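Chain by chain, the residues run as shown.
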Amino acid sequence: MITFEGAAKLYPDGTVAVDGLDLTVETGRTTVFVGPSGSGKTTSLRMINRMVEPTGGAVLIDGEDVRRRDPAVLRRSIGYVIQQAGLFPHRTVRDNIATVPLLLGWGRARARARAAELMELVGLEPAQARRYPHQLSGGQQQRVGVARALAADPPILLMDEPFSAVDPVVRASLQDELLRLQRELHKTVVFVTHDIDEAVRLGDRIAVFRPGGRLAQYDTPERLLADPRDAFVESFVGYDRGVRRLSFFPARDLSLRGEAVFGAGTGAGGALAAVRESGEPWALVVSADRQPLGWASAEQLGRAPADTALGELDLAPYGHTFDVGTDSLRAALDAAVLSPAGRAVGVDAEGRVLGVVSQDDLGTALWSVTE
Ligand SMILES: Nc1ncnc2c1ncn2[C@@H]1O[C@H](COP(=O)(O)OP(=O)(O)OP(=O)(O)O)[C@@H](O)[C@H]1O
Ligand SMILES: [Mg+2]
């Protein structure tokens, strides 16, 4: 457990970087610091490993004031990852990762073996071990940074905007990796970001900082989105927080419609009759193994000769599907909004269609869960 007790940082030029921070970071969980630029996130983070000394109050790790620890020893027990990875340019990937084990006197063979193990853990190819940082992509460099921070198996990991410098796709995959690692390793992670989506995705708890280095709210992501404490937090979490919040509700509980799902061999006439009876304006056409093929409108069915197989019609694209077992209401809503039929296609883990859900059905479900 890391405890900030009235921790403050006043710089000699009069800047109040952090102002009386009281906060407890739970062991084995991920705590995210978010807030606008200059709100004291980095300063607070660095108080934990004594890269910044507080001018008031204290920071304690498991009840002990960090000022009683030798800074060099303390830092070896705390992994630290920064934005541009901060790798040593003239050391290979392997030697970058082995830095702390070597400092701890593990010996070269053991340190390199550990580096190889970590490369696998963070998803780097063994062949990259002998490369230099400039021979890697930004995302790969960040993986090396994470591997290096984890090398000596420290209980605490501090991450200061580690994924901000990479593109959104790489960023999402690094976030996934961190979530996976954390499920395995259960480190006490303190993660700084500007990005509320990243915070919600990664954090067990989120601390929102406001300008002037003050804590605005400290809560679970669910509570932060459901109940921002004041106008500042509300504007920071974004006015689309309602939609973001849907990511906490599983799509599993939606009731899916199956009346308007037809095999590709079905005749247009039969489909039209069924569609009319169900009141659905669209028919979803699926292959023999229930993979979605596309949408046919009731109008289109009416125009086609009754014996035309649905698979021969010019179908509207089904858009993207949502996984009923694992996705959230946010994913289902997104799929429905993007679908030409205004309906989302729910699939199982193998991509087989389980049913469809309309925007109206979703509206009703959203209303009941967010009430
Ligand atoms: N060495 C220093 N001397 C004077 N002021 C400083 C110093 N280091 C940081 N500050 C100031 O302290 C405040 C908090 O800085 P900090 O780096 O903690 O913010 P941050 O929330 O991490 O911002 P960002 O999101 O831009 O990284 C800022 O106003 C900054 O200018
Ligand atoms: Mg910062």
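1. A word on the overall build of the chain
Consideration 1: Assigned secondary structure in the chain consists of 15 helices and 16 strands.
Consideration 2: Taken against the 2.2 N^0.38 rule, which gives 21 Å for 371 residues, the C-alpha radius of gyration of the chain at 26 Å runs more than 25% over that of a compact globule.
Consideration 3: For the chain, the spread of C-alpha atoms along the three principal axes comes to 80 × 50 × 30 Å.
Consideration 4: Here the chain, with 371 residues, has 40% of them falling under the buried criterion.
Consideration 5: Long-range contacts, defined here as pairs at least 24 residues apart, represent 62% of the contacts in the chain between residues at least 6 apart.

2. Describing the site of ligand 1
Consideration 1: Close contacts around ligand 1 come from 13 residues, with Tyr11, Ala17, Ser37, Thr42 and Thr43 the closest.
Consideration 2: If one sorts the elements of the shell around ligand 1 by residue count, helix α1 (residues 41-48) sits on top with three residues.
Consideration 3: Among the residues making up the shell around ligand 1, the classes are represented as two nonpolar, nine polar and two charged.

3. Side note on the sheet that holds strand β15 (residues 343-347)
Consideration 1: One open sheet accounts for three strands, arranged β14-β15-β16; its pairing is mixed. The open sheet terminates on both sides in strands that have one partner only, identified here as β14 (322-323) and β16 (353-358).
Consideration 2: Where β15 meets β16, five bridges bridge the pair, whose relative direction is antiparallel. The residue of β16 that forms the bridge with valine 347 is valine 353.
Consideration 3: Against the sheet, helix α14 (residues 329-338) engages β14, β15 and β16, with an angle of about 130 degrees to β15.

4. Section: the environment of alanine 268
Consideration 1: For alanine 268, the position within the fold is in helix α12 (residues 268-278).
Consideration 2: The spatial distance from the C-alpha of alanine 268 to the C-alpha of glutamine 300 is 8.8 Å, given a sequence separation of 32 residues.
Consideration 3: Beyond its immediate chain neighbours, meaning those up to four positions away, alanine 268 contacts Leu301, Ala304, Pro305, Ala306, Thr308 and Leu310.

5. What to know about the nonpolar core
Within soluble globular proteins, side chains that are nonpolar tend to cluster in buried spots.
Consideration 1: Counting 64 residues, the largest nonpolar core has Ile97, Ala147, Ala151 and Leu158 as the members making the most contacts within it.
Consideration 2: The dominant element in this core, judged by the number of residues it contributes, is helix α6 (residues 138-150), at five residues.
Consideration 3: What alanine 151 contacts, discounting residues up to four positions off in sequence, is Ile97, Ala98, Val100, Pro101, Arg114, Ala115 and Leu118.
Consideration 4: Grouped together as the second largest cluster of nonpolar side chains are 41 residues, Leu246, Ala283, Leu315 and Val347 included.

6. Some points on the sheet that holds strand β13 (residues 292-297)
What holds strands together in a sheet is hydrogen bonding between their backbones, with the strands either parallel or antiparallel.
Consideration 1: In space, the three strands of this open sheet follow the order β11-β12-β13, with mixed pairing throughout. At either end of the open sheet lies a strand with only one pairing partner, and these are β11 (261-263) and β13. Between one strand axis and the next, the sheet turns through 35 degrees on average, direction left out of account.
Consideration 2: Relative to β13, strand β12 (residues 282-286) runs antiparallel, the two being bridged by five bridges. Considered in β13, the bridge of leucine 284 is made with tryptophan 295.

7. Section: the domain arrangement of the chain
Consideration 1: By the assigned domains, the chain splits into domain 1 (2-248) and domain 2 (251-370).
Consideration 2: Taking only C-alpha atoms into account, the centre of domain 1 sits 43 Å from that of domain 2.
Consideration 3: Residue-level contacts link five residues of domain 1 with six residues of domain 2.
Consideration 4: Split into classes, the residues belonging to the side of domain 1 that touches domain 2 amount to three nonpolar, one polar and one charged.

8. Re helix α7 (residues 168-185)
Consideration 1: In this model α7 runs 25 Å from its N-terminal to its C-terminal C-alpha over 18 residues, within 8% of the 26 Å that 1.5 Å per residue would give.
Consideration 2: For α7, every residue scored as buried is listed here: Arg171, Leu174 and Leu178. Seen end-on, α7 carries its buried residues on one side only, within an arc spanning 60 degrees. Turned more than 90 degrees off the buried face of α7, the exposed positions are Val169, Asp176, Leu179, Arg183 and Glu184.
Consideration 3: Close packing links the buried residues of α7 with α6 and α8 (196-202).
Consideration 4: After α7 finishes, the residue histidine 186 shows a positive phi value of roughly 50 degrees.

How each quantity is defined
Residues numbered from 1 in each chain as written. Chains lettered and ligands numbered in written order. Predicted model: local features only at pLDDT ≥ 70, side-chain atom pairs only at ≥ 80, totals over all residues. Helix = DSSP H or I, 4+ residues; strand = E, 2+ residues; numbered from the N terminus. Rg over C-alpha atoms; globule rule 2.2 N^0.38 Å. Buried ≥ 20, exposed ≤ 12 C-beta atoms within 10 Å, placed from the backbone. Contact = placed C-beta atoms within 7 Å. Near = placed C-beta within 6 Å. Nonpolar A, V, L, I, M, F, W, Y, C, P; charged D, E, K, R; others polar. Pairing = 2+ DSSP bridges. Axes fitted to C-alpha atoms, helices over the stretch in contact; angles between N-to-C directions. Core = buried A, V, L, I, M, F, W, Y, C linked by C-beta atoms within 7 Å. Domains from an automatic or database assignment. Expected span 1.5 Å × (residues − 1). Arc of directions from axis to C-beta.

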